[in-house]
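Structural overview
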Amino acid sequence: MKTKVLDKTQFEVAADILKHGGVVGIPTETVYGLAADALNGKAVEKIFKAKGRPMDNPLIVHVADFSDIEKFNLVSEVPENAKILAKAFWPGPLTIIMKRTDVIPPEVSAGLDTVAIRFPSHPIAQEIIRVAGTPLAAPSANLSGSPSPTTARHVLNDMDGKIDAVLDGGSCEVGVESTVITLAADVPRVLRPGGITVEELRDVLGEVEVDDAVIHQLAEGVTAASPGMKYKHYAPKANVLLLKGSDDAYISYVNSHSDDDVCALCCDEDLLLLKTKTVSLGRRNDYLTHARHLFDCLRRIDENKTIRTVYSRLPDVEGVGLAVYNRLIRAAGFEVIDLEKI
Ligand code: TXA
Ligand code: MG
């Protein structure tokens, strides 16, 4: 299959492909999504094939307005908390899990009795959903397990020849995927941290739990509340090692392990002090910028085929830092080197 590259004026072409059961890479404010008509099981199946995604991992359904949830009869009941969240954070990088109806094809819900819904803020994503006239199921547009794509070029690197088209809407603003919160539990619970922070959610909802799998590796045999959390994720081909310790300890550890096949994933402030290849996430403590650059940095490291080891700092878990932490700890297979203990 030849994958068409569309420019941002061609959202009607993208919508037309989607209406006819095709698969299109589309920009959102978080990462690029691999979209198909969410109400057409056959179309959704093509997403799983293109990504190599396990069929037990459900997809997010994207709408172009809060009222679409009722209009398309997607959920059995809209909880009061969903209205509060939508008012505060939609359109935007927040996905809300609610009890689904039978309108949701089994391919989308992967056998669960819930459905994840998001109203993205990206104007092109909104326009494509509106013109297609149907909600769109869309996971991140990467090959399963790889870093998520934040540019159309990233999508093409993974999907060229496997999907009908990709629409180039430039770089994604947030850079990490949406925050996923479930309202199907007694207390609202964050299953994946993202662009909307836990602190912001607590400000509007009061009590909000954070699922154990956000920070810790799931114990053998435990069922993941969010199936995506159990898979190895976001990993570049090089081995990522997370270092915990002071700025000085990080720099001296990396410098003493410097080699041709080593790269430091670092901050701008470290660049002149490190005696090895470097890729910077941005200024220290600027978590928003780190989130925006994270996946592009991991992909750039992969493009340099000689790099075998990546040394990164263990991120802070404050604000959007938690989302960066969640992605990096998975990229590192949960291995952390405590520099104070060596
Ligand atoms: O920002 C985003 O959320 C992007 C853009 C394209 O919207 N999408 C995205 O989708 O990241 P994906 O499929 O890569 O990640 C969705 C996550 C997975 O971990 C999946 O297991 C979880 O949400 N999920 C989806 N439906 C769920 C459900 N009903 N219950 C629990 N977890 C669910
Ligand atoms: Mg994904």
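Being a predicted model, the structure only gives us computed values, none of them experimental.

Things to note about the packing of helix H4 (residues 80-89) against helix H8 (residues 198-205)
The contact between H4 and H8 brings their axes to 10 Å, and the two run at 125°. Comparing the axis directions of H4 and H8 gives the class oblique. The chirality of how H4 crosses H8 is right-handed. Contacts from Asn81, Ile84, Leu85, Ala88 and Phe89 of H4 reach H8 at Glu200, Leu201, Val204 and Leu205. Class assignment for the residues of the contact of H4 with H8 results in seven nonpolar, one polar and one charged.

Observations regarding the layout of surface pockets
Within this model, the largest pocket holds a volume of roughly 800 Å³. Taken together, 50 residues line the largest pocket, and the ones lying closest to its centre are Arg53, Asn57, Pro58, Ser226 and Gly228. For the lining of the largest pocket, the leading source of residues is strand E6 (residues 114-118), giving four residues. Here the residues of the lining of the largest pocket sort into 22 nonpolar, 19 polar and nine charged.

Concerning the pairing of strand E9 (residues 179-182)
What you see with E9 is no split at all: Thr179 and Ile181 on one side and Val180 and Thr182 on the other are buried throughout. Relative to E9, strand E5 (residues 94-99) runs parallel, the two being bridged by four bridges. Across the sheet, Ile96 pairs through a bridge with Ile181, a residue of E9. Where E9 and strand E10 (residues 189-192) come together, three bridges link them in antiparallel fashion. Opposite Thr182, over in E10, you have Arg189 as the bridge partner.

Focus: the pattern of salt bridges
Under the counting rule described, the total for this entry stands at 18 salt bridges. Between Glu269 and Arg283 there is a salt bridge, with its nearest N and O atoms 3.5 Å apart. Of this pair, Glu269 sits in the loop between strand E13 (262-266) and strand E14 (277-280) while Arg283 sits in the loop between E14 and helix H10 (287-303); the two residues are 14 residues apart in sequence, bridging distant segments of the chain. Of the residues examined, Glu269 reaches a relative accessible area of 30% and is grouped as partly exposed. In this structure, Asp270 and Arg284 form a salt bridge, with 2.4 Å as the shortest nitrogen-oxygen distance.

Focus: the site of ligand 1
Around ligand 1, the structure places 25 residues, and the nearest of them are Thr30, Asn57, His62, Ser178 and Gly228. Contacts to ligand 1 include Arg118, whose side-chain N or O atom sits 3.0 Å from an oxygen atom. Contact with the protein chains hides 97% of the accessible area of ligand 1, taken as 680 Å² for the molecule alone. Judged by its atoms lying within 2 Å of the grid points, ligand 1 is housed in the largest pocket. Secondary structure elements with two or more residues in the shell around ligand 1: strand E4 (60-62), E6 and E10. When residues in the shell around ligand 1 are grouped by element, the largest group, three residues, is from E6. Broken down by class, the residue content of the shell around ligand 1 amounts to twelve nonpolar, nine polar and four charged.

A short note on the nonpolar core
Grouped together as the largest cluster of nonpolar side chains are 49 residues, with contacts concentrated most on Leu85, Leu94, Ile96, Ile117 and Leu201. At the level of elements, strand E3 (33-37), helix H2 (41-51), H4, E5, E6, helix H7 (152-159) and H8 are the ones that each hand at least two residues to this core. Among the elements that line this core, the one with the most residues is H2, at five residues. The residues contacting Ile117, other than those within four sequence positions of it, are Ile60, Val61, Val63, Ile69, Leu74, Val75, Trp90, Leu94, Thr95, Ile96 and Met98.

Let's talk about the sheet that holds strand E8 (residues 165-167)
Spatially, E1-E8-E2-E3-E7-E4-E6-E5-E9-E10-E11 is the arrangement adopted by the eleven strands of the open sheet, whose pairing is mixed. Since the sheet does not close on itself, it has two edges, and those belong to strand E1 (4-6) and strand E11 (209-210), each with one partner. As paired strands, E4 and strand E7 (residues 136-137) are joined by two bridges and run antiparallel to one another. Within E7, the residue paired with Val61 across the bridge is Ala137. Together, E3 and E7 form the strand contacts of H2, whose direction differs from that of E3 by roughly 155°. H8 contacts E5, E9, E10 and E11 of the sheet and is inclined by roughly 35° relative to E9.

A closer look at H7
Buried within H7 we find Ala152, His154, Val155, Asp158 and Met159. Axial view of H7: buried residues confined to an arc of 155°, hence all on one face. Next to the buried residues of H7 lie E3, H2, E8 and H10.

Thresholds applied
Residues numbered from 1 in each chain as written. Chains lettered and ligands numbered in written order. Predicted model: local features only at pLDDT ≥ 70, side-chain atom pairs only at ≥ 80, totals over all residues. Heavy atoms only, no water. Axes fitted to C-alpha atoms, helices over the stretch in contact; angles between N-to-C directions. Helix = DSSP H or I, 4+ residues; strand = E, 2+ residues; numbered from the N terminus. Parallel < 35°, antiparallel > 145°, perpendicular 65-115°, else oblique. Left-handed = near helix turned anticlockwise from the far one by under 90°. Contact = heavy atoms within 4.5 Å. Nonpolar A, V, L, I, M, F, W, Y, C, P; charged D, E, K, R; others polar. 1 Å grid on protein atoms, 1.4 Å probe; cavity = no way out; pocket = protein on both sides within 12 Å on 5 of 7 lines; lining within 4 Å. Points joined across faces, edges and corners; volume = space filled by probe spheres on them. Buried < 20%, exposed > 50% of the residue type's maximum accessible area, 1.4 Å probe, protein only. Pairing = 2+ DSSP bridges. Salt bridge = Lys/Arg side-chain N within 4 Å of Asp/Glu carboxyl O. Near = heavy atom within 4 Å. Polar contact = N/O pair within 3.5 Å; in protein donor to acceptor, adjacent residues only side chain to side chain. Areas by Shrake-Rupley, 256 points an atom, 1.4 Å probe, with all protein chains shown as cover. Sits in = over half its atoms within 2 Å of the grid points. Core = buried A, V, L, I, M, F, W, Y, C linked by side-chain atoms within 4.5 Å. Arc of directions from axis to C-beta.

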